[in-house]
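Residue-level structural notes
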Amino acid sequence: LNDSVISGSIGNGSQVRGGGAWVAGKLVMNHSTIRDNVAIASTGGATAGGAYVHGEAQFYASTISGNQADYEGGLVVLQNASINNSTISGNSAPVVGGLSVNGLLVLDNSTVAFNSPTSTFAGVYVEGGVVAHSSIVSNNCYTGSRYCDIECKNCSIVGSWPLRSVVSMVTS
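The structure presented is a predicted model; accordingly, all values stated were derived computationally and were not measured. (Residues numbered from 1 in each chain as written. Predicted model: local features only at pLDDT ≥ 70, side-chain atom pairs only at ≥ 80, totals over all residues. Heavy atoms only, no water.)

This paragraph deals with the overall build of the chain. Each helix and strand in the chain was counted, giving zero helices and 24 strands. Per-residue burial for the chain yields a buried fraction of 48% across its 172 residues. In the chain, 69% of the contacts between residues at least 6 apart in sequence involve partners at least 24 apart. Only carbon and sulfur atoms are counted for the fraction: they give 49% of the accessible area of the chain, which is about 7,200 Å². (Helix = DSSP H or I, 4+ residues; strand = E, 2+ residues; numbered from the N terminus. Buried < 20%, exposed > 50% of the residue type's maximum accessible area, 1.4 Å probe, protein only. Contact = heavy atoms within 4.5 Å. Areas by Shrake-Rupley, 256 points an atom, 1.4 Å probe, with all protein chains shown as cover.)

A separate point is the sheet that holds strand E1 (residues 5–7). Read across the open sheet, the six strands follow the order E1-E5-E9-E13-E17-E21; overall the sheet is parallel. Both edges of this open sheet fall to E1 and strand E21 (136–138), since each of them pairs with a single strand only. Averaged over all pairs of adjacent strands, the angle between their axes in this sheet comes to 5°, without regard to strand direction. Note that strand E13 (residues 87–89) and strand E17 (residues 111–113) share three bridges and pair parallel. In the sheet register, Ser 89 faces E17, and the bridge partner there is Ala 113. (Pairing = 2+ DSSP bridges. Axes fitted to C-alpha atoms, helices over the stretch in contact; angles between N-to-C directions.)

In this structure, Phe 59, Leu 75, Leu 99, Leu 105 and Val 124 are the most contacted members of the largest nonpolar core, which totals 29 residues. If sequence neighbours within four positions are ignored, Leu 105 has contacts with Ala 81, Ile 83, Leu 99, Val 124, Val 126, Gly 129, Val 130 and Val 131. With five residues, the next largest nonpolar core counts Val 16, Ala 39, Ala 41 and Ala 46 among its residues. (Core = buried A, V, L, I, M, F, W, Y, C linked by side-chain atoms within 4.5 Å.)

Our focus in this paragraph is the pattern of salt bridges. Enumeration according to the criterion identifies two salt bridges in this entry. Among the ionic pairs, Glu 56 bridges to Lys 26, the shortest N-O distance being 3.9 Å. Of this pair, Glu 56 sits in the loop between strand E7 (51–53) and strand E8 (57–60) while Lys 26 is found in the loop between strand E3 (21–23) and strand E4 (27–30), placing the two residues 30 residues apart along the sequence. Under the relative-accessibility criterion, Lys 26 is labelled partly exposed at 47%. Where Asp 36 meets Arg 35, a salt bridge forms, and the shortest distance between an N and an O atom there is 3.8 Å. On the basis of relative accessible area, Asp 36 is assigned to the partly exposed category, the value being 42%. (Salt bridge = Lys/Arg side-chain N within 4 Å of Asp/Glu carboxyl O.)

Our next topic: unusual backbone geometry. Positive phi is not limited to glycine here, since Asn 109 has a value of about 50°. Considering the arrangement of structural elements, one finds Asn 109 in the loop between strand E16 (105–108) and E17. With relative accessibility at 45%, the residue Asn 109 sits in the partly exposed group. The phi torsion at Phe 114 lies on the positive side, around 60°, for a residue other than glycine. Its location among the elements puts Phe 114 in the loop between E17 and strand E18 (116–117).

We now examine the side chain of Ser 32. Structurally, Ser 32 is set in the loop between E4 and strand E5 (33–35). A relative accessible area of 1% means that Ser 32 is categorised as buried. A polar contact of 3.0 Å, which involves the side chain of Ser 32, links it to the backbone nitrogen of Ser 4. When residues no more than four places from it in sequence are discounted, the contact partners of Ser 32 are Leu 1, Asn 2, Asp 3, Ser 4, Ala 61, Ser 62 and Thr 63. (Polar contact = N/O pair within 3.5 Å; in protein donor to acceptor, adjacent residues only side chain to side chain.)

Encoded structure:
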């Protein structure tokens, strides 16, 4: 996806994955935006208002913003994700406001901020580890949340600072 915008889409049905885009394999985004999309399911199980990626994802100079879903608001990646010079912001869902990665998340000179989980979960959920360089992960909290900016399940967070965040490590 090069120099493109996906905006204003509504995924609606009994089970929705990706209000803006559903990708069966690998997603590569360069200078592109996925914004203001919605995933709604009659069963309340819509996942990823922005994009649902069944494989890996690579982002360069791209934005995921203003997306909404019943579950995981902005972006869901089922494998590794590399996010470079990009922004994930202003996405919302009851569970995981901004970004969910079921592999290794690499953040390089990127911002993940102001995503809103509307229940007791984090703005970012990762199951394979986080490597971050000169990135900001901040203000992704819900008042009273058990986790705040990053919930890293069975994984480690490493990298160079400044990585701004309130981080929760979960081992179960």
